[in-house]
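# Per-entry structural report
Listed below are the residues making up each chain.
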Amino acid sequence: MREFKSLPKDARVAIKKGVKAFLQHEMGDQFEDCIITTSDADKVNTYGVPEFLMTEFKAWACQELGRCFPTCEILDRDCV
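Figured I'd write up the structure that's included with this text. (Residues numbered from 1 in each chain as written. Predicted model: local features only at pLDDT ≥ 70, side-chain atom pairs only at ≥ 80, totals over all residues. Heavy atoms only, no water.)

### A short note on the packing of helix H1 (residues 9-27) against helix H2 (residues 54-68)
Viewed as axis vectors pointing N to C, H1 and H2 meet at an angle of 145 degrees, and their least axial separation amounts to 11 Å. You can see that H1 and H2 cross each other, and the crossing is right-handed. Contacts from Ile15, Gly18, Val19, Phe22 and Glu26 of H1 reach H2 at Glu56, Phe57, Trp60 and Leu65. Here the residues of the contact of H1 with H2 sort into six nonpolar, one polar and two charged. (Axes fitted to C-alpha atoms, helices over the stretch in contact; angles between N-to-C directions. Helix = DSSP H or I, 4+ residues; strand = E, 2+ residues; numbered from the N terminus. Left-handed = near helix turned anticlockwise from the far one by under 90°. Contact = heavy atoms within 4.5 Å. Nonpolar A, V, L, I, M, F, W, Y, C, P; charged D, E, K, R; others polar.)

### Topic: H1
Note on helix geometry: an α-helix contains 3.6 residues per turn, so any two residues three or four positions apart are oriented the same way. Relative to the 27 Å expected for 19 residues at 1.5 Å per residue, H1 spans 27 Å between its end C-alpha atoms, a close match to the ideal helical length. Along H1, the residues classified as buried are Ala11, Ile15, Gly18, Val19, Phe22, Leu23 and Met27. Viewed end-on, H1 has its buried residues packed into an arc of 145 degrees, placing them on one side of the element. Opposite the packed face of H1, turned more than 90 degrees from it, sit the exposed residues Lys9, Asp10, Lys17 and His25. Lining the buried residues of H1 we find strand E2 (45-47) and H2. Positive phi appears at glycine 28, one or two residues downstream of H1, with a value of about 55 degrees. (Expected span 1.5 Å × (residues − 1). Buried < 20%, exposed > 50% of the residue type's maximum accessible area, 1.4 Å probe, protein only. Arc of directions from axis to C-beta.)

### Details of the nonpolar core
If you look at the biggest cluster of nonpolar residues, it comprises eleven residues: Val19, Phe22, Leu23, Met27, Phe31, Cys34, Tyr47, Val49, Leu53, Phe57 and Ala61. Elements with a contribution of two residues or more to this core: H1 and H2. With four residues, H1 is the single largest residue contributor to this core. Ignoring anything within four residues of it in the chain, the contact list for methionine 27 reads Cys34, Pro50, Phe52 and Leu53. (Core = buried A, V, L, I, M, F, W, Y, C linked by side-chain atoms within 4.5 Å.)

The following block contains the structure:
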């Protein structure tokens, strides 16, 4: 989604929360394995998707981004 960086902060945060919820649901007790802490001064958490979940994650992400941001181009439409 090329427009991600230009979306309002609340929309970007909502996307990140959605990714977190997806990973928590799929990973259960192993969710913490997906947390990546940035090395900058702010020490922000972000999330990595394990390879074995990538196909399911892409399908979920394409569906959710398409539903929430119908005017934005989703770059990897192969997963829809």
